[in-house]
Amino acid sequence: MPSVSIIILTYNRVRYLNECLDSVFNQTYKDFEVIVVDDGSTEDVEGLINKNYPGKVRYLKHRENLGRGTMFPGIFTGLKVAAGEYILLLGDDDMLEREHMSIALEIFRDNPAIGCFSCDMTHIDSDGNIRLKESHFASYLKKREPGLKLVDKVLSIEDVFMYALGTASSGAIFKKEMIDEIGFYREECGIAADWEYAFRITAASRFKLYFCSRALVKYRSHPSNISKNHYEGNRLILKVLVETLHKYPQLKRNLGYRKIKKRMTQLIKEFAFSSFKAHKYIEFMGIIMKLIIRVHFMFLCGR
């Protein structure tokens, strides 16, 4: 039985899938199985796999495109057949650095309470060129908290809420035992499902979420990214964060009104920018009014 099941989700991206699989088979850690879930591609994904990786990949294909721009059907199909103690999710357009799994598995071995390993990412373009000088979370943190240094650590729910640490899906490794115990991504959360899951791990489970500050994943940005719908992404992130404030009262106690207001203001600004860019003016005003009223009500009522 392999220790890690790598689930790669693909849909009409043969161009990138080859590089993705090469990065997997080039890992220094070798005890893994590879499951490619094809969400109804019209491109010849199976032909690529049979030609370049004969006997090395388990290929599963949906008869039609079930995801409609989301990753959930592919994830759940892969989980049903995964035999590993750990589950690694990987987008077909992303790549792992060579020591990714070796570093992650050492963390899991040294810390039995760890249920999820997440790491920083390098942004690359459609041709594989580095887009940003700084890694994803280092850049994100610098813009919002210039004096705060990115470090390896077990994350608290406050870290997830304030700085979005531990919220990247691609390249994250999950202990199967944790998935069996607390479930996995909630489909209704859309592309904010990784945020909601990070909150659930850090606030309401016996497992811990570990963040590695090394950029061990190459995350590719291109026009067909699922996460390119910024309006919908920011809307769902705000929705998940407000639900989290309501569900986990320790956040309000530990952070206080000022820090939460600062964080919500940052996210509202990002949502405003994406809303105006998408010409969603009326929708933006309606959502923000409801959000502000609900957050203030929670603090006034202590709920």
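On a predicted model such as this, the values are computed, not experimentally measured, just so you know.

Calculation rules
- Residues numbered from 1 in each chain as written.
- Predicted model: local features only at pLDDT ≥ 70, side-chain atom pairs only at ≥ 80, totals over all residues.
- Heavy atoms only, no water.
- Core = buried A, V, L, I, M, F, W, Y, C linked by side-chain atoms within 4.5 Å.
- Buried < 20%, exposed > 50% of the residue type's maximum accessible area, 1.4 Å probe, protein only.
- Helix = DSSP H or I, 4+ residues; strand = E, 2+ residues; numbered from the N terminus.
- 1 Å grid on protein atoms, 1.4 Å probe; cavity = no way out; pocket = protein on both sides within 12 Å on 5 of 7 lines; lining within 4 Å.
- Points joined across faces, edges and corners; volume = space filled by probe spheres on them.
- Nonpolar A, V, L, I, M, F, W, Y, C, P; charged D, E, K, R; others polar.
- Polar contact = N/O pair within 3.5 Å; in protein donor to acceptor, adjacent residues only side chain to side chain.

Caption draft 1: View of the nonpolar core. By size, the foremost hydrophobic cluster in this structure holds 97 residues, and its most contacted members are Ile8, Phe117, Phe161 and Phe174. With eight residues, helix H9 (residues 230-247) is the single largest residue contributor to this core.

Caption draft 2: Here's a closer look at empty space enclosed by the protein. Scanning the model with the defined rule gives two cavities of 30 Å³ or more in all. For the largest cavity, the calculated volume is near 50 Å³. Lining the largest cavity, in full, are Cys116, Gly166, Thr167, Ala168, Ala172, Phe174, Tyr185, Asp194, Tyr197, Ala198, Ile201 and Leu209. Counting residues per element, the lining of the largest cavity draws most heavily on helix H8 (residues 193-204), at four residues. Looking at the lining of the largest cavity, its residues break down into nine nonpolar, two polar and one charged. Considering the residues around the second largest cavity, the lining is formed by Arg186, Glu188, Cys189, Leu236, Lys239, Val240 and Glu243. When the residues that make up the lining of the second largest cavity are grouped by side-chain class, the tally is three nonpolar, no polar and four charged.

Caption draft 3: Local environment of the side chain of serine 221. One can find serine 221 in the loop between strand E9 (208-220) and H9. Assessed through its relative accessible area of 11%, serine 221 is described here as buried. Looking at serine 221, its side chain comes within polar contact range of the side chain of histidine 123, at 3.5 Å.

No statement about biological role is implied by the geometric values presented.
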